[in-house]
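Structural features, examined
Next come the chains, spelled out residue by residue.
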There are 2 protein chains.
Amino acid sequence: MADGLTLESVRESLIRQEDTIVFSLIERSKYPMNSPVYVKGFADIPRFTGSLVEYVVRKTEAVHSTVGRYESQEEHPFFPDNLLPSLLPPYYHPKVLHPAGDAININTTIWDMYFNQLLPLFATEGDDGNYAQTAACDLECLQALSRRIHYGKYVAEVKFKESPDGYGTLIRAQDRDALMKLLTCEAIEEMVKRRVEKKAMAFGQEVTLNNTDKEVKYKVDPFVVSRLYVEWVMPLTKLGIANTPLQDRGAVGDSDLGSDSMKLQTRNQLSKDVNELIFGVDMMDTE
Amino acid sequence: MADGLTLESVRESLIRQEDTIVFSLIERSKYPMNSPVYVKGFADIPRFTGSLVEYVVRKTEAVHSTVGRYESQEEHPFFPDNLLPSLLPPYYHPKVLHPAGDAININTTIWDMYFNQLLPLFATEGDDGNYAQTAACDLECLQALSRRIHYGKYVAEVKFKESPDGYGTLIRAQDRDALMKLLTCEAIEEMVKRRVEKKAMAFGQEVTLNNTDKEVKYKVDPFVVSRLYVEWVMPLTKLGIANTPLQDRGAVGDSDLGSDSMKLQTRNQLSKDVNELIFGVDMMDTE
């Protein structure tokens with residue numbers, strides 16, 4: 001495949017990104033909630049009225065933009081209005097995404113999900129004053145989640161380039177509900193859920209030499225990690241794909257997804273194929 | 001103990017910091033060497049002639065200093081000349097360290113060790129253009145190593161406050177070689193080495209649902225992690241302690257470490273006690 005991308009490398013990346021997400025949650029869990037990090041105007045920062053974490057994310061993204069982070073289509077800033085031009089010599093980053101797909105950025109939704117839903121599920125109560133470290137950990141979590149969730153549209157593009165005909169059925173779907181349904185395959189999602197739960201156990205365990213721990217205690221509840229995937233990562237991945245405007249790709253046509261003209265069996269197979277890809281599962285490996 | 005610190009919490013922190021170090025190395029290993037990150041003057045940055053990684057570390061440390069990161073005695077900047085005042089309301093961080101101990105910063109040595117010795121041991125050859133991400137990962141590794149290595153002097157202080165008499169023998173040692181010898185207990189170091197190796201296996205494994213992987217492959221060679229501890233983390237921890245100027249603590253006296261007046265048995269017991277503490281091992285737990 002052009003740009004050195006293969007379905008195999010895409011799958012590997014998705015699986016590897018799960019590890020990064022689990023590591024980042026475990027690292028954030030070292031610190032308690034530290035609620036002042038999230039209070040607007042807590043610090044006396046000139047010309048800035050947001051929260052500490054917003055300040056740290058904005059400032060760090062600006063630094064990273066000057067050294068070219070957002071030249072890669074895999075990276076999505078949380079504050080795109082805040083970036084600076086890259087000062088690096090040009091590097092050829094593969095432009096796999098169509099500009100319309102590249103422009104999609106659902107980080108506002110991810111930000112809201114992380115702070116309002118996910119974080120309260122695993123951060124313990126308390127305040128240890130380590131605000132900068134906490135905000136830096138939040139940034140790691142946000143970046144890992146953002147990269148993973150946005151990778152869905154990336155994958156859709158790769159799949160389209162590899163097989164425009166087979167994938168045309170998806171592309172012709174202008175009915176988002178039908179598309180979301182097509183993007184759902186419960187067997188695959190169940191496997192991903194079990195895999196990330198297992199990762200939370202492996203990476204969040206207390207490793208000792210004697211292995212005779214009285215009770216097994218994980219640094220982040222594995223159930224929270226599987227819930228993160230089921231409730232947010234997988235639906236938001238699909239949302240990113242469903243939002244990708246593909247109708248200008250020369251494959252315009254009436255949707256036949258919901259129609260009788262598409263046999264149920266074909267639809268199920270397509271759904272399974274697409275899901276194997278967007279969630280990094282190979283049924284051959286696991287069945 | 002004052003400030004809520006106990007020997008148990010210190011030990012827990014040391015053990016927990018091992019996990020952070022292993023995670024950070026695994027995350028850095030996602031990217032190849034990316035050597036332009038380390039070339040001085042690679043980017044066209046106004047008024048800056050250093051490497052990209054130095055730029056990212058300096059800029060990030062400056063941001064973190066404004067939100068109070070270095071108010072905590074556990075944190076040591078790599079570029080102290082570059083920090084800005086904290087803009088946060090004052091927070092009471094326990095000042096466990098004596099000012100003379102607090103002032104010790106061996107990050108120049110840690111920086112050199114990380115880039116010139118450790119990184120080449122585990123980074124694969126190649127250049128994928130993800131320079132900002134690479135530098136950010138390097139920063140995570142550096143901070144984790146710095147926090148862990150400097151924690152040695154921290155621990156020494158806690159131990160001194162808890163038991164000034166028993167620890168007096170150490171403090172009176174003005175002979176650094178004798179002190180370094182006292183700080184060495186091979187049985188304990190062997191256990192730490194095995195523990196971090198085991199962590200590298202647990203956290204760096206490929207987690208799959210079926211567990212029938214043909215060959216076990218770790219993301220970072222566990223041997224590199226144990227070598228990191230044996231060759232650098234443990235010796236540098238001792239160096240940090242040995243460099244802590246304690247002679248102004250009202251416990252001045254002639255060194256009796258090397259003399260016959262101190263029985264070998266006592267010396268061995270002290271060495272074991274101190275080592276259990278500075279490396280986070282409880283022999284009771286593991287034997």
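Predicted model only: the values in this text are computed from it and were never measured.

**As for the interface of chain A and chain B**
With 56 residues of chain A at the interface, the matching set in chain B holds 56 residues. The junction of chain A with chain B conceals about 4,900 Å² of combined surface from both sides, 63% of it contributed by carbon and sulfur atoms. Of all residues in chain A, Lys 198, Val 207 and Leu 209 of chain A give up the largest surface area on contact with chain B, accounting jointly for 14% of the area buried on that side. Linking Asp 19 of chain A and Lys 219 of chain B is a salt bridge whose minimum nitrogen-to-oxygen distance equals 2.7 Å. At the boundary of chain A with chain B, the tally comes to 24 residue pairs in polar contact (both at pLDDT 80 or more). For the side of chain A that touches chain B, the elements supplying multiple residues, two or more each, are α1 (7–28), α2 (52–66), α5 (131–162), α8 (186–204) and α11 (283–286) of chain A. Taken together, the residues of the side of chain A that touches chain B break down into 24 nonpolar, 13 polar and 19 charged.

**Some remarks on the relation of the copies chain A and chain B**
Laying chain A over chain B is done by rotating through 180° and shifting 0.0 Å along the axis; what remains is an RMSD of 0.0 Å. With respect to symmetry, the two chain copies, as superposed, fit the operation of a two-fold axis. Within chain A, the C-alpha atom positioned nearest to the axis of rotation is that of Phe 203 of chain A, 2.5 Å from it. Same-surface contact between copies: 100% of interface residues of chain A are shared with the interface of chain B.

**Thoughts on the packing of aromatic side chains**
Residues and elements named next belong to chain A. This structure, assessed with the given rule, holds 19 aromatic pairs over all chains. Where Tyr 38 meets Phe 115, the ring centres are 5.4 Å apart and the plane angle is 55°; that geometry is what we call tilted. Separated by 77 residues along the polypeptide, Tyr 38 in the loop between α1 and α2 and Phe 115 in helix α4 (residues 107–122) bring together distant segments of the chain. The exposure class assigned to Tyr 38 is partly exposed, which follows from its relative accessible area of 23%.

**A short note on the nonpolar core**
Core analysis: the biggest nonpolar cluster contains 113 residues, and Leu 118 and Leu 228 of chain A together with Leu 118 and Leu 228 of chain B have the highest contact counts within it. Once residues within four sequence positions are removed from consideration, Leu 118 of chain A is found in contact with Leu 25, Met 113, Leu 145, Val 224, Leu 228 and Trp 232 of chain A. Core analysis: the next-biggest nonpolar cluster, separate from the first, contains 9 residues, Leu 14, Leu 97, Tyr 151 and Val 158 of chain B among them.

Parameters at a glance
Residues numbered from 1 in each chain as written. Chains lettered and ligands numbered in written order. Predicted model: local features only at pLDDT ≥ 70, side-chain atom pairs only at ≥ 80, totals over all residues. Heavy atoms only, no water. Contact = heavy atoms within 4.5 Å. Buried area = accessible area lost by both parts, 1.4 Å probe. Salt bridge = Lys/Arg side-chain N within 4 Å of Asp/Glu carboxyl O. Polar contact = N/O pair within 3.5 Å; in protein donor to acceptor, adjacent residues only side chain to side chain. Helix = DSSP H or I, 4+ residues; strand = E, 2+ residues; numbered from the N terminus. Nonpolar A, V, L, I, M, F, W, Y, C, P; charged D, E, K, R; others polar. Least-squares fit on C-alpha atoms with pLDDT ≥ 70 in both. Phe/Tyr/Trp six-rings, centres within 6.5 Å; stacked < 30°, edge-to-face > 60°. Buried < 20%, exposed > 50% of the residue type's maximum accessible area, 1.4 Å probe, protein only. Core = buried A, V, L, I, M, F, W, Y, C linked by side-chain atoms within 4.5 Å.

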